[in-house]
Amino acid sequence: MYLLGYDIGSASIKIALIHAETYDLKALVQYPKHEMNIISRQRGWAEQHPEVWWQHVCHATQNLWDQVEIDPSEIRGIGISYQMHGLVLVGHDHEVLRPSIIWCDSRAVSIGESAFQEMGRDYCLSRMLNSPGNFTASKLKWVKDHEPHVYEQISKVLLPGDYIAMKLTGEAVTTISGLTEGIFWDFQEKRIARELLDQMGLDEHLLPETVPTFSNQGRVTRRAAALTGLAPGTPVTYRAGDQPNNALALNVMHPGEIAATSGTSGVVYGIVDQPIYDSQSRVNAFAHVNYEENFDRIGTLLCLNGAGVEYSWIKSQVARSGQSYVDMERMAATVPVGSDGLCMLPFGNGAERMLENRSLNAHLMNLDFNRHGRGHLYRASLEGVAFAFVYGVKILQELGLDLDVMRVSNDNMFRSETFSTTIATLLGCHIEVVDTTGAIGAARAAGISGGIYGSMDEALRDVNPGKIFEPQTNLGHYAQAYAFWESHLQFAMDERADGRRSLLGGPEGQGEESKKEIQDQIRSVTTSKLKLNAANELLAEAQTLLANMEPGNAAGEVRELVQRIAKQLDQERLWEDFEVHFDLLHDDFFKKLNAISPGLSVQELKMCGYLKLKFSTKEISEFLNLSIRGTETCRYRLRKKLGVGKGENFIRFLESLTSA
């Protein structure tokens, strides 16, 4: 007795065959071996042909039979995971009317924003938990406005997984979870969002009938069986978008649990038990796979378009022929944290929701032909994506999502120690790597509604981490490299905003002034990093000297070492330098603090700085060499000195100093 799972990605099709009773993986097939093409006829566009997905599904399934010797009739259920937010349009004979507008296409951003403003931000966020943004509904509206001849022929609007299920079964249906990812669902009324359809002038009858996520959703037709080798009548019993399905595969099903992936795109996906939303729409919320049980399982999703696609681009364009990702990782590991000042922004794959739908493009900064080689490019590329993850998770933390453990699968960028260690260290969390894939998760899920498993817990009972990445002790190096990267990100966003202001007739010279100011800030961070590197080199030298010290000469060598350390580590001067650089980056933060309460100690100023940067109490205690209780006492005394009332949020008070 077996279960089959398909994962329909934008890069490839993956199939997993598992034994239903032993959970053993019998085969894992990927097709094609190279990444599928994305058609980009204009800047910001991204399309793929659904017929190509289906052809690859057929080829991959036929390849499966070459690897295993089982009777296809022994497969008791098929599960489907698929790339989210895509738009597939079919006519009355189920023929595809145009290429699919896929998840990373950004042509409909302005349409979604217009609907957001016209319907009202509060209405959209409270009802749909999202702005219509660049999701499926907005893409459908784009087709109606720009290709009315296509719109008139539509019989059903499908998601990529709905299309593959239709090709297998002949049934054009979807799920509530699928409707939510298209922004077609009203969470408050628990029905189709008819008000959005009316606002956009879209026909409700174009949406397919809904079926439960876990249910008999149709059976393999004779035609599909002939093309794939599957047995006619095999039931399709599960479908879900790739991120909810990835969370299921990792056994992330309950509030407070978090899943992450970094394939073509990067995602952090956390479960909550009530509707939440981000007022700036940087984070999106969708129905989780188990939402329908009590309408109380919501997945909060933060997406990074430029993730694995950035690193695969580096591999194809920079790496030598035949060089693998393992080879690249080995070279990246020889480069110090921060890549010797080489810095990369990975935002080159369309509009980024977490950057408020900006399309920044990718940036490579500070390339020095005399210092930087391929290893630096590899590490800067990995760090760029890792830093983008950290930037995004900090947004989720602002919304109240707690993070202790991040669970990831083993088939994406998290296999890289450089990548995972960077994220774990900066976020102070453990990253658990589970030996599973989206296709395996879909296969397990297929056994639930078929009665093979009595519950979700039974289907996922042996999902355990095989490897754990833990935070490193040299947080300072990572924090400084991240601050350097973030300053470049801010520069790029401000530069784009200045360009818009210039086009709209903004004050002349304003963009140049802003650019110069941020360049000065970046220069200051660079100077600070170089000083830290010098101190690290001295400490490494001291370690070697102490390890090799001859007992008879110990006194003289220790005296010399103390003198050299004293010369290098002038604590007062280092603090003054840090204070100047911090004020440059944070609008005279310390000057404003001293104006409110003159005479604050260096420790108290440092405490304020760390709180401003949103470090945890545990992290601050390590920085200040204090106990947790001592740190809390210092924070309490600071509140009193600065006149922060009992009910007032201390961190917001500190943030207000730089916004005043």
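Please read all numbers here as calculations on a predicted model, not as lab measurements.

Enquirer: Just to check I follow, could you spell out the environment of methionine 331 for this structure?
Expert: Mapped onto the fold, methionine 331 is located in helix H13 (residues 325–332). As for methionine 331 and arginine 379, which are separated by 48 residues in sequence, their C-alpha atoms are 8.1 Å apart.

Enquirer: Before we go on, may I ask you to explain the sheet that holds strand S17 (residues 298–304) in this structure?
Expert: The strands making up a sheet are joined through hydrogen bonds of the backbone, oriented either antiparallel or parallel. Read across the open sheet, the seven strands follow the order S16-S17-S15-S14-S20-S21-S22; overall the sheet is mixed. On the outer flanks of this sheet lie strand S16 (284–287) and strand S22 (465–469), each paired with one strand and no other. Each adjacent strand pair in this sheet contributes to an overall mean axis angle of 30°, direction not counted. In this sheet, strand S20 (residues 405–409) lies alongside strand S14 (residues 258–262) in parallel orientation, the contact comprising two bridges. In the strand pairing of S20, alanine 259 is matched with arginine 407.

Enquirer: Got a minute to help me understand the packing of aromatic side chains in this structure?
Expert: For any two aromatic rings, the description comes down to two numbers: the centre-to-centre distance and the angle of the planes. Summed over the entire model, instances satisfying the criterion amount to 17 aromatic pairs. Between phenylalanine 389 and phenylalanine 414 the ring centres are 5.6 Å apart and the planes differ by 80°, which places this aromatic pair in the edge-to-face class. Taken together, the residues phenylalanine 389 in helix H14 (residues 374–398) and phenylalanine 414 in the loop between S20 and helix H15 (417–427) connect sequence positions 25 residues apart. The class for phenylalanine 414 is buried, based on a relative accessible area of 0%. The rings of Phe347, Phe387, Tyr391, Tyr482 and Trp485 are connected pair by pair, giving a single aromatic cluster. The side chain of arginine 107 reaches across the aromatic face of tryptophan 142, ending 4.5 Å from its centre.

Enquirer: What is the right way to read helix H12 (residues 308–317) from this model?
Expert: Helical geometry note: an α-helix holds 3.6 residues per turn, so side chains three or four residues apart project in the same direction. Listed in full, the buried residues belonging to H12 are Gly308, Glu310, Tyr311, Ser312 and Ile314. Against S14, H13, strand S18 (343–345) and H14 lie the buried residues of H12.

Enquirer: How do you make sense of the state of the cysteines when you look at a structure like this?
Expert: By definition, a disulfide links the sulfur atoms of two cysteines through a covalent bond. Tallying each qualifying case throughout the model produces zero disulfides. The cysteine cysteine 634 is free of any disulfide, with cysteine 608 supplying the nearest cysteine sulfur at 8.0 Å.

Enquirer: Explain the pairing of strand S1 (residues 2–8) here, please?
Expert: It is a general feature of regular strands that their side chains alternate between the two faces of the sheet. In terms of residue burial, S1 counts as a mostly covered element, since seven of its seven residues are buried. Side chains Tyr2, Leu4, Tyr6 and Ile8 project from S1 onto one buried face, and the interleaved Leu3, Gly5 and Asp7 project onto a second face that is buried too. With seven bridges connecting them, S1 and strand S5 (residues 75–82) associate as parallel partners. Within S5, the position partnered with leucine 4 by the bridge is isoleucine 78. Relative to strand S2 (residues 13–19), S1 is paired through seven bridges, and the arrangement is antiparallel. Residue tyrosine 6 lies in a different strand from S2, and its bridge partner there is isoleucine 15.

Enquirer: Explanation requested: the sheet that holds S1 in the structure shown.
Expert: With respect to topology, five strands assemble into an open sheet ordered S3-S2-S1-S5-S13, the strand pairing being mixed. For this open sheet the edge positions go to strand S3 (25–31) and strand S13 (236–241), each flanked by a neighbour on one side alone. Averaged over neighbouring strand pairs, the angle between their axes works out to 15° when direction is ignored. Both S2 and S3 contribute to a ladder of six bridges, which runs antiparallel. Along S3, the bridge assignment pairs alanine 16 with leucine 28. The sheet contacts of helix H1 (residues 50–67) involve S1, S2, S3 and S5, and relative to S3 the element is tilted by about 140°. Across the sheet, helix H16 (residues 438–449) lies against S1, S2, S3, S5 and S13, angled at about 130° from S1, the strand it touches most.

Enquirer: Help me understand the environment of methionine 493 in this model?
Expert: Relative to the elements of secondary structure, methionine 493 occurs in helix H18 (residues 475–503). Linking methionine 493 and leucine 360, residues 133 residues apart in sequence, is a C-alpha distance of 7.1 Å. Once residues within four sequence positions are removed from consideration, methionine 493 is found in contact with Leu355, Arg358, Leu360 and Tyr391.

Enquirer: I'm lost on the side chain of arginine 639 in this one. Help?
Expert: As for its placement among the helices and strands, arginine 639 is situated in helix H25 (residues 628–641). Of the buried charged residues, arginine 639 lacks a salt bridge, with glutamate 648 as the closest side chain of opposite charge at 6.3 Å. Once residues within four sequence positions are removed from consideration, arginine 639 is found in contact with Val644, Gly645, Lys646, Glu648 and Phe650.

Enquirer: Looking at this model, I keep getting lost on H25. Mind explaining?
Expert: Across its 14 residues, H25 extends 20 Å between first and last C-alpha, which sits within 8% of the 20 Å expected from 1.5 Å per residue. Where H25 is concerned, the buried positions are Thr631, Cys634, Leu638 and Arg639. One side of H25 carries all its buried residues, which in axial view fall inside an arc of 140°. Opposite the packed face of H25, turned more than 90 degrees from it, sit the exposed residues Arg629, Tyr636, Arg637 and Lys640. Of the residues one or two after H25, glycine 643 is the one with positive phi, at around 70°.

Enquirer: Would you mind showing me how to read the packing of helix H24 (residues 617–624) against H25 here?
Expert: Each pair of packed helices can be described by the angle between their axes along with the distance between the axes. The interhelical angle for the contact between H24 and H25, taken along N-to-C directions, is 95°, at an axis separation of 9 Å. Considered as vectors, H24 and H25 are oriented roughly perpendicular to each other. Across from Thr617, Lys618, Ile620 and Ser621 in H24, the residues of H25 making contact are Ile628, Thr631, Glu632 and Arg635. Class assignment for the residues of the contact of H24 with H25 results in two nonpolar, three polar and three charged.

Enquirer: Any chance you could explain the pattern of salt bridges here in plain terms?
Expert: Between side chains of opposite charge, a pair can form as their charged atoms come close. Inspection of every chain in the model, using the stated rule, returns 18 salt bridges. When the shortest N-O distance is used, the salt bridge between arginine 282 and glutamate 398 registers 3.8 Å. Remark: glutamate 398 occurs in helix H14 and arginine 282 occurs in the loop between strand S15 (266–272) and S16; sequence separation between them is 116 residues. Taking the relative accessible area as the measure of exposure, arginine 282 reaches 10% and is therefore buried. We note a salt bridge from arginine 379 to glutamate 383, for which the minimum N-O separation is 3.0 Å. Highlighted residues: arginine 379 and glutamate 383, both in helix H14, separated by four residues, approximately one helical turn.

Enquirer: Quick question: what am I supposed to make of the packing of H14 against H15 here?
Expert: At their nearest, the axes of H14 and H15 sit 9 Å apart, and the two run at 35° to each other. Here H14 and H15 pass one another in a crossing that is right-handed. Side by side, H14 and H15 meet where Arg379, Leu382, Val385, Ala386, Phe387, Phe389, Val390, Val393 and Gln397 of the first sit next to Thr418, Phe419, Thr422, Ile423, Leu426 and Leu427 of the second. Taken together, the residues of the contact of H14 with H15 sort by class into eleven nonpolar, three polar and one charged.

Conventions adopted
- Residues numbered from 1 in each chain as written.
- Predicted model: local features only at pLDDT ≥ 70, side-chain atom pairs only at ≥ 80, totals over all residues.
- Heavy atoms only, no water.
- Helix = DSSP H or I, 4+ residues; strand = E, 2+ residues; numbered from the N terminus.
- Pairing = 2+ DSSP bridges.
- Axes fitted to C-alpha atoms, helices over the stretch in contact; angles between N-to-C directions.
- Phe/Tyr/Trp six-rings, centres within 6.5 Å; stacked < 30°, edge-to-face > 60°.
- Buried < 20%, exposed > 50% of the residue type's maximum accessible area, 1.4 Å probe, protein only.
- Lys NZ or Arg CZ within 6 Å of the ring centre and 35° of its normal.
- Contact = heavy atoms within 4.5 Å.
- Disulfide = S-S within 2.5 Å.
- Lys, Arg positive; Asp, Glu negative; His and termini not counted.
- Salt bridge = Lys/Arg side-chain N within 4 Å of Asp/Glu carboxyl O.
- Expected span 1.5 Å × (residues − 1).
- Arc of directions from axis to C-beta.
- Parallel < 35°, antiparallel > 145°, perpendicular 65-115°, else oblique.
- Nonpolar A, V, L, I, M, F, W, Y, C, P; charged D, E, K, R; others polar.
- Left-handed = near helix turned anticlockwise from the far one by under 90°.

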